[in-house]
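Report on the structure
Below are the chains, spelled out letter by letter.
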Amino acid sequence: MSNTLDITFDGTTLVLHGDFDVRSTFAVRTALYERLEGFEQDIVVDMADVDTIDVTALRVLAVATRRATSAGHHLTLRNCGPSVRRMMHLSRLAHSFYVEREAATA
């Protein structure tokens, strides 16, 4: 059973829920580009509720990151779980993103 991806918005933050894979890349790409063109601010993609991610989805984020940078903005990935971070490294795309550092817990 597949867990489709839902996208919600909180200002310039895209919050992703579910599986981010090839089936959902069009919707995420569209949402990102609309935010990049509609706001004069940095964009955050909150991935706390992303269960799985594939290489195609990571490539969409990498291209959007380059596009944001060329427009003078930043695209930041927030709350990347272990499976997302693992896929970033396996795909050799980890260097393509700015991943927000996690706050240390006491």
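Up top is the structure.
Residues numbered from 1 in each chain as written. Predicted model: local features only at pLDDT ≥ 70, side-chain atom pairs only at ≥ 80, totals over all residues. Heavy atoms only, no water.

**With respect to unusual backbone geometry**
The phi angle at N79 is positive, at roughly 60°, despite the residue not being glycine. By relative accessible area, which is 33% here, N79 ends up partly exposed. Despite not being glycine, R92 has its phi angle at roughly 65°, a positive value. With respect to the element layout, R92 can be found in the loop between helix 3 (82–90) and strand 5 (98–99). (Buried < 20%, exposed > 50% of the residue type's maximum accessible area, 1.4 Å probe, protein only. Helix = DSSP H or I, 4+ residues; strand = E, 2+ residues; numbered from the N terminus.)

**Regarding the packing of aromatic side chains**
All chains considered together, the criterion is met by zero aromatic pairs. When the ring centre of Y33 is taken as reference, the NZ or CZ atom of R67 above it lies at 3.9 Å. (Phe/Tyr/Trp six-rings, centres within 6.5 Å; stacked < 30°, edge-to-face > 60°. Lys NZ or Arg CZ within 6 Å of the ring centre and 35° of its normal.)

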